[in-house]
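Single-letter residue listing:
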Amino acid sequence: MKKPTRSTRLFSFIALLFCLVPLLQACGDTSTNGKGPVTITVAYQQFGPPPYHEEEWWKSAKTKIEAANPNIKVKLMPIIADEGSYYTKLDLMLRSNNPPDVVREDSFLVGSDVTAGYLAPMDSYLDKWPDYKAQWFDSMQKITTFNSKNYGVMDGTDVRAIWFNKDIFKKAGLPTDWQPKSWAEILSAAHTIKNKVPGVIPMNLYSGVPMDEASTMQGFEMLLYGTKDTLYNYQNSKWVSSSKGFKDALNFVKEVYNPSALLGPTNDIALSTTAGNTVSQQLIPQGKLAIDIDGSWMGGTWEPNGSTPWPQWKDTMGLAKMPTQNGEDPKYVTLSGGWAYSIAARSPHKDQAFEVIKNAFAKDLLGKYDIQTNGIAPRKDIVSLPEYSALPNFPFFTQLVDFTQFRPGFPAYPKISVQIDSAMQQVMNGKSADDAMSAFSQSVESIAGSDKTEKHP
Amino acid sequence: MALTGVGADTPQFVGFDNFVHIFRDGEFLNSLRVSLTYLVFSALIGQAGLGLLLALLMRRRNIVFKSILGAIIVAAWVIPDVVAGFVWSAFLAGGPQSVLDPGLLNTIFSTFGLPRHAWLQEAPMTMVVIANIWRGTAFSMLLYASALESIPQELLEASSIDGANIWASLRYIILPLIRGAIGTDLLLITLATLSDFTLVYVLTAGSNVNTELMTIYQYRQAFQFYQIGYGSAIALLIIAAGAILSLIYTRILRVDL
C-alpha cells in the first residue's frame, strides 16, 4: 500500500472537519422553531462578590412571569465581567445573529448603541403601558430617549447634591440646616470654614483628569448645568464648545483650587486617581472635610455593610441641594445617571421581551431591587413603600429626580469629557479660564468636527 | 472599526486611514515622545547603565555582601507590577499642607527640615522613571554579572601588567567581551519598557499627558473610547517601534542574536 502523501492527509483532515459540522449543529439551540414557549434571554452584568441583586430580582421576576405566561420562558444571562469588558462582550453579542433579547446598559451608552443599530425603539409598547407614563419621572423617560424615540426603561438612578459636616459647620458658626442659594454662598461658607476651623479642608469639588468622569459629572457639570448654558444643544445637535457659563464654571473651579487661598483638597489628594475613595473613606468619616459635592450613593459607604462603617454619619452629615449660579429657576440643579433595560434590535421576540420587562418592573419587584441596591427609584410610587422611604435621605433624593438633568450620551462624549477634565486641571494649575476654554474649544472641534460645534457668547 | 456608535453600524475598510490619522494626532505624537523618553531614561540609561555598574562593583566582592545586595535588588524585580505601583504610591504619598499622612519619602524630608512635595503630581515623569529603574535594574544586573563571570581572569591580569588602567581595561577588554550580553539586554529591556503599562498606570493612570505612554494611549483609545480599529493601529506601531530599535541595536553592536 502506498504511504499517505501530504495531500491525502490534508484531504482526510478536511473531510473530518466536514463530518464535525453536524455534530456542532446538534449542540446548537433549537428553541426558535416557532411552536412551544418562547425563551427570552435577559443579559446583565455580574461582578465582584455576592450578593447579586440583579440575579435576585430577575429570579423572582422569572417565577412570576413564567407562572402568568405559559408561553414565555425567561433565561438569565449574567455576564461576568468588569464594566469595560461587559460592554465589549455585550456589544459583540448584540451584533451577532443570536443576541440576548433584553439587555441592561448604562443609560449613558444607550445613545451610542442606538447609533450602532443594536437597540429597538420601545415607544409603541411604552405608549400602551399606563404605569410607565404615569409613574416614571419625566426626566427618567427623557434620559433613555434618543432622536425622540425611547429605547429603554430605567431601573434606578442616582442624583448629586452637597454633603456637609454639621459638626464643622457648628464650629464655624454656620447653620446646620444650611441650604445655599447661589454659588457665591457656597464659596463664602467655605471661606468662613477656612478662617474659623483650621486643619479642615473647606470643600471638595472633583476636578482634573485623574478623577475622570467624576470630575466631569460631580464637578463640572453640576456647575455648568446651573448656568444659562449647556454642553450640548439638542435643537441643532451641536456641542457648545465655548460659553459664558462654561467660563464661569471654570472660574469657580479656579477659586476652589486657588493656591493662595486653597478651599479644596491639596494636589496630592485632588490629582490622584484614588481621590474618590480618599474623600468617602478617610476625609469625611475623619471629620477633615466640611463640604463635598458628591453622589447620593455616599451614605452606602458608611452603612454597617459598606466599605467604611461609620455609625454617626446620619447625625453628622447634612444634605443640601446644589443651587444654580445665582439662584435662577428652577433654583437647584442635579445630574443623574443610572441603568436601563432595552430590547435588542435583532431580537426575534420583541413583544414577549417587552412583556418580560413590564412584569419585572412592577412596583414591588423594582422597589425591592432599588432598596437592596441603594438606588434612587425612577418610579414615583416606590416612595410609598415603607422600606424605601425609611432609607436615610431617600425621600430627599427622590424629590431631586423631578428636575434632574443628564449627560449628552453621544459617541463623542467620553472624549469630550476628558477634555473638560483637562480644562479643569489647567485652571487648577494657574491657567486663566479664557485660555483653558479656548484650548477646550479647539479640542472639541477636532473631536466632533467644526460643523458639529457652536460657540455661545 | 468600532464597537459602538456609527462605526459599529456600518463598518468600513479604511485602508491606511488610521495610520495617516495617527501621524497627525498630536496626542499620539505626545505619547510617542513620552514612551521614548521613558525608554531612554528608565531603561537604557537607568536599568542598563546602573545594572552594568552594579555588576562591575559586585565582581570579586565577598559572598555575603554579594548575596545581601543581590537579594535586595532582585526583590524589586520579583514583586508583581501592581504591587510595585502601590508600594511606590505609598512611598511618595502626601504633600505640602496635606491632611493625609505623609509617605515615607515626605517623612524623611520633614525629618531633615526639607519641604514636602506632592511628588507624583509635581514631577510625575521623574517619579515613574525612578520607579522603573528601581524595578528593572536587577534583570540587567543579573545578565551582566553572568557575562562578566565568563571573562577569563588572565586577560585582565595581562592588561594590568601592560599598564592599562581601569577605564582602559573596561573599554578594550570587558565591554567588547560582553557585547553579546549588552545586545541581548538592550533588546529585552527595550521591548519590555515599550510594552510597559501596569507600573505607570497604577502610579498616574496616564492622567498627566506627560506620563501617557503609547500603551496607555492605546488602551484608552481602544477600551475607553471603544475605537478598536484605531487602538489596533497604535498597537502595530508599538510593535514596529520595538522592531526598529532591535535592528538598530544588533547593527550597532554587530552581534548575532
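This is a predicted model, so every value here is computed, not measured.

When you look at the overall build of chain A in this model, what are you seeing that I'm missing?
Scanning chain A from N- to C-terminus turns up 21 helices and 17 strands. Overall, the C-alpha framework of chain A stretches about 95 × 55 × 45 Å when taken along its three principal axes. When burial is assessed residue by residue, chain A has 47% of its 457 residues classed as buried. In chain A, the share of contacts with a sequence separation of at least 24, taken over all contacts with a separation of at least 6, comes to 73%.

What should I look at first to understand the domain arrangement of chain A in this one?
Accessible area lost during the coming together of the parts is what is often quoted as the interface size. Residue and element names in this part refer to chain A. For chain A, the domain assignment lists domain 1 (38-158 + 336-403) and domain 2 (160-335 + 412-455). Taking only C-alpha atoms into account, the centre of domain 1 sits 29 Å from that of domain 2. Opposite the 10 residues of domain 1 that make contact, domain 2 presents 13 residues. Of the residues contributing to the side of domain 1 that touches domain 2, the split by class is 6 nonpolar, 3 polar and 1 charged.

It is not clear to me how the sheet that holds strand β11 (residues 238-242) of chain A should be interpreted in this structure. Could you clarify?
Adjacent strands of a sheet pair through backbone hydrogen bonds, lying either parallel or antiparallel. Residue and element names in this part refer to chain A. The sheet built from 3 strands is open, its strands ordered β10-β11-β17 with mixed pairing. If you trace the sheet from one side to the other, it starts and ends with β10 (232-233) and β17 (453-455), each paired once. Sheet analysis places β10 next to β11, joined by 2 bridges and oriented antiparallel. If you follow Asn233 over to β11, its bridge partner there is Lys238.

Which parts of the structure should I look at to understand the packing of helix α2 (residues 53-68) of chain A against helix α16 (residues 350-360) of chain A?
For any two helices packed against each other, one specifies the inter-axial angle together with the distance between the axes. Residues and elements named next belong to chain A. Relative to each other, α2 and α16 sit at 115°, their axes nearing to 9 Å. Judged by the twist between their axes, the crossing of α2 over α16 is right-handed. Contacts between α2 and α16 involve Trp58, Ala61, Lys64 and Ile65 from the former and Val356, Asn359 and Ala360 from the latter.

Even after reading the chapter, I still don't get the interface of chain B and chain A, so can you show me in this structure?
Chain B puts 21 residues into the contact, and the matching count from chain A is 24 residues. Elements supplying a minimum of two residues to the side of chain B that touches chain A: α1 (6-9) and α13 (214-224) of chain B. Here the side of chain B that touches chain A is built from residues that sort into 11 nonpolar, 9 polar and 1 charged.

Can you walk me through the nonpolar core in this structure?
One recurring pattern in soluble globular proteins is that nonpolar side chains are buried together. A:Val102, A:Val253, A:Ala290, A:Val356 and A:Ile357 are the most contacted members of the largest nonpolar core, which has 128 residues in total. Per-element tally for this core: the top contributor is helix α20 (residues 413-428) of chain A, with 7 residues. Ignoring sequence-local partners within four residues, the contact set of A:Val102 consists of A:Ile40, A:Val42, A:Tyr341, A:Ile343, A:Ala353, A:Val356 and A:Ile357. In this structure, B:Leu39, B:Ala48, B:Ala93 and B:Leu203 belong to the second largest nonpolar core, which totals 48 residues.

I'm lost on the pairing of strand β3 (residues 102-106) of chain A in this one. Help?
The two faces of the sheet receive side chains in turn, since in a regular strand these alternate between them. All names here are of chain A. Judged by how many residues are buried, β3 sits mostly within the fold: 4 of 5 residues are covered. By the bridge criterion, 2 bridges tie strand β1 (residues 38-46) to β3 in an arrangement that is parallel. Across the sheet, residue Ala43 finds its bridge partner in β3, namely Val103. Examined bridge by bridge, β3 and strand β16 (residues 339-344) share 5 bridges and lie antiparallel to one another. Looking at β16, one finds that Val102 is bridged to Ile343.

Which parts of the structure should I look at to understand the sheet that holds strand β9 (residues 201-204) of chain A?
Residues and elements named next belong to chain A. Pairing is mixed across the open sheet formed by 4 strands, whose spatial order is β9-β12-β8-β13. Of all strands in the sheet, those bounded by a partner on one side alone are β9 and β13 (317-320). On average, each strand axis in the sheet is tilted by 20° relative to the strand beside it, whichever way the strands run. Examined bridge by bridge, β9 and strand β12 (residues 289-295) share 3 bridges and lie parallel to one another. Within β12, the residue paired with Met203 across the bridge is Ile291.

Before we go on, may I ask you to explain the confidence of the model for chain B in this structure?
Detailed reading of the predicted model is not advised wherever pLDDT is low. Of the residues in chain B, 95% reach a pLDDT of 70 or more, and the chain-wide mean stands at 86. ipTM for the predicted complex: 0.79, alongside a pTM of 0.83.

How should I be thinking about helix α3 (residues 83-94) of chain A in this particular structure?
Given 3.6 residues to a turn, an α-helix orients residues that are three or four positions apart in the same direction. Residue and element names in this part refer to chain A. With 12 residues, α3 extends 16 Å between its outermost C-alpha atoms, agreeing within 8% with the 16 Å of an ideal straight helix rising 1.5 Å per residue. The set of residues buried in α3 consists of Tyr86, Tyr87, Leu90, Asp91 and Leu94. Buried residues along α3 cover an arc of 120° about the axis, so they all sit on one side.

Looking at this structure, I do not really get the packing of helix α11 (residues 244-256) of chain A against helix α21 (residues 433-448) of chain A. What am I missing?
Residues and elements named next belong to chain A. With their axes 9 Å apart at the nearest point, α11 and α21 run at an angle of 125° to one another. Here α11 lies oblique to α21, going by the angle between them. α11 and α21 meet at a crossing whose hand is right-handed. Note on element contacts: α21 touches α11 through Ala433, Asp434, Ala436 and Met437, opposite Phe246, Lys247, Leu250, Asn251 and Lys254. Broken down by class, the residue content of the contact of α11 with α21 amounts to 5 nonpolar, 1 polar and 3 charged.

How should the environment of B:Ala138 be read in this particular structure?
Residues and elements named next belong to chain B. Along the chain, the position of Ala138 falls in helix α8 (residues 124-149). Ala138 sits in the buried class, given 21 other C-beta atoms within 10 Å. Sequence separation between Ala138 and Ala84 is 54 residues, and the spatial gap between their C-alpha atoms is 14 Å. Ignoring any residue separated from it by four or fewer positions in sequence, one finds Ala138 in contact with Ile73, Val74, Ala76 and Trp77.

Thresholds applied
- Residues numbered from 1 in each chain as written.
- Chains lettered and ligands numbered in written order.
- Predicted model: local features only at pLDDT ≥ 70, side-chain atom pairs only at ≥ 80, totals over all residues.
- Helix = DSSP H or I, 4+ residues; strand = E, 2+ residues; numbered from the N terminus.
- Buried ≥ 20, exposed ≤ 12 C-beta atoms within 10 Å, placed from the backbone.
- Contact = placed C-beta atoms within 7 Å.
- Domains from an automatic or database assignment.
- Nonpolar A, V, L, I, M, F, W, Y, C, P; charged D, E, K, R; others polar.
- Pairing = 2+ DSSP bridges.
- Axes fitted to C-alpha atoms, helices over the stretch in contact; angles between N-to-C directions.
- Left-handed = near helix turned anticlockwise from the far one by under 90°.
- Core = buried A, V, L, I, M, F, W, Y, C linked by C-beta atoms within 7 Å.
- pLDDT = per-residue confidence, 0-100.
- Expected span 1.5 Å × (residues − 1).
- Arc of directions from axis to C-beta.
- Parallel < 35°, antiparallel > 145°, perpendicular 65-115°, else oblique.

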